[in-house]
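These are the residues of each chain, in order.
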Amino acid sequence: MAKRPSAASRRRHWTEADARRVLTEWERSGHSLEAFARSRGLVPQRLAWWRKRLRATRPEASTALTFVPATVIGAATVVSAAVIRLPHGVVIEIDGVSPAWVAALARELARSAS
């Protein structure tokens, strides 16, 4: 019978590069931090800690708004869910809105960021 590794030996020390890679994957996923972490078998607090730590070292990066291209497929009259991530960890999750409303919100956010 094979011996299972202990929890301590399964834990791996993350480097800054590891953290940046995983946080970039999370930001592109459109999922909440908790949902993304669970889907990868990670502890959400670890991702939150690294996000806070990396923002502290580069505060200018945390205030920039960026938009991820999105495509509406079909003639949707209602978007089932929209997730908007703003600087400083603010996340807005919206259910049951029209694509036109989401587009108008994105335009206003882009305008206010410039």
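One can find the structure itself at the top, above this paragraph.
Each residue is numbered by its place in its chain's sequence as written, counting from 1. Note on the predicted model: pLDDT of at least 70 is required for a residue's local features to be given, and 80 or more for side-chain atom pairs to be given and counted; whole-chain, interface and lining totals, by contrast, use all residues. Here the side-chain values reflect all heavy atoms present in the structure, with hydrogen atoms and water set aside.

**Some points on the overall build of the protein**
Comment: elements are numbered from the N terminus, with helices defined as DSSP H or I runs of at least four residues and strands as E runs of at least two. Broken down by element type, the protein carries six helices and two strands. Helices and strands appear in the protein in the N-to-C order α-α-α-α-α-β-β-α. Buried residues in the protein amount to 20% of all 114 residues. Sequence-distant contacts, at least 24 apart, represent 41% of the contacts inside the protein between residues at least 6 apart. For the protein, the accessible area works out to roughly 8600 Å², and carbon and sulfur atoms hold 58% of it. For every residue, the accessible area (1.4 Å probe, protein chains only) is compared with the maximum for its type, and the residue is labelled buried under 20%, exposed over 50%, or partly exposed between those bounds. Two residues qualify as a contact provided that any one of their heavy atoms is within 4.5 Å of a heavy atom in the partner residue. Methods summary: accessible areas were calculated by the Shrake-Rupley approach with a probe of 1.4 Å, and residue burial reflects only the protein chains presented.

**Considering the pairing of strand E1 (residues 82-85)**
What you see with E1 is a clean split: Ala82 and Ile84 sit on the buried side and Val83 and Arg85 on the side with no burial. Strand pairing is assigned whenever DSSP detects at least two bridges linking the two strands. Summarising the sheet, E1 and strand E2 (residues 91-94) pair through four bridges and their orientation is antiparallel. What sits directly across from Ala82, in E2, is Ile94.

**Thoughts on the pattern of salt bridges**
Salt bridges are defined as contacts in which a side-chain nitrogen from Lys or Arg sits within 4 Å of a carboxyl oxygen from Asp or Glu. The full count for this structure, using the stated rule, is three salt bridges. Across the pair Glu16 and Arg20 runs a salt bridge, and its minimum N-O distance is 2.8 Å. One end of the pair, Glu16, and the other, Arg20, are both in helix H2 (residues 16-29), four residues apart, so they sit about a helical turn from each other. A residue is classified by how much of its surface remains accessible, and Glu16, at 37% relative accessible area, is partly exposed. Note that Glu25 and Arg21 form a salt bridge whose closest N and O atoms lie 3.2 Å from each other. In this pair, Glu25 and Arg21 are both assigned in helix H2, four residues apart and thus about one turn of the helix distant. We classify Glu25 as partly exposed; its relative accessible area is 32%. Among the ionic contacts, a cluster of salt bridges with common partners joins Arg21, Glu25 and Arg40.

**Let's talk about the packing of aromatic side chains**
Only Phe, Tyr and Trp rings are paired, with Trp represented by its six-membered ring, and only when their centres lie within 6.5 Å; those with planes under 30 degrees apart are stacked, over 60 edge-to-face, the remainder tilted. Enumeration according to the criterion identifies one aromatic pair in this entry. Judged by centre distance (5.1 Å) and plane angle (90°), the ring pair of Trp49 and Trp50 falls under edge-to-face. Its relative accessible area of 49% is what places Trp49 among the partly exposed residues. Taking the relative accessible area as the measure of exposure, Trp50 reaches 7% and is therefore buried.

**Considerations on the nonpolar core**
By nonpolar core we mean a set of buried residues, namely Ala, Val, Leu, Ile, Met, Phe, Trp, Tyr and Cys, connected to one another through side-chain atoms within 4.5 Å. Of all hydrophobic cores here, the largest spans eleven residues; its members are Trp14, Ala19, Val22, Leu23, Trp26, Leu33, Phe36, Ala37, Leu47, Trp50 and Leu54. Elements with a minimum of two residues in this core: H2, helix H3 (33-39) and helix H4 (44-57). A total of four residues in this core trace back to one element, the largest contributor, which is H2. If near-sequence neighbours (up to four positions away) are discounted, Phe36 is found in contact with Val22, Glu25, Trp26, Ser29, His31 and Leu47.

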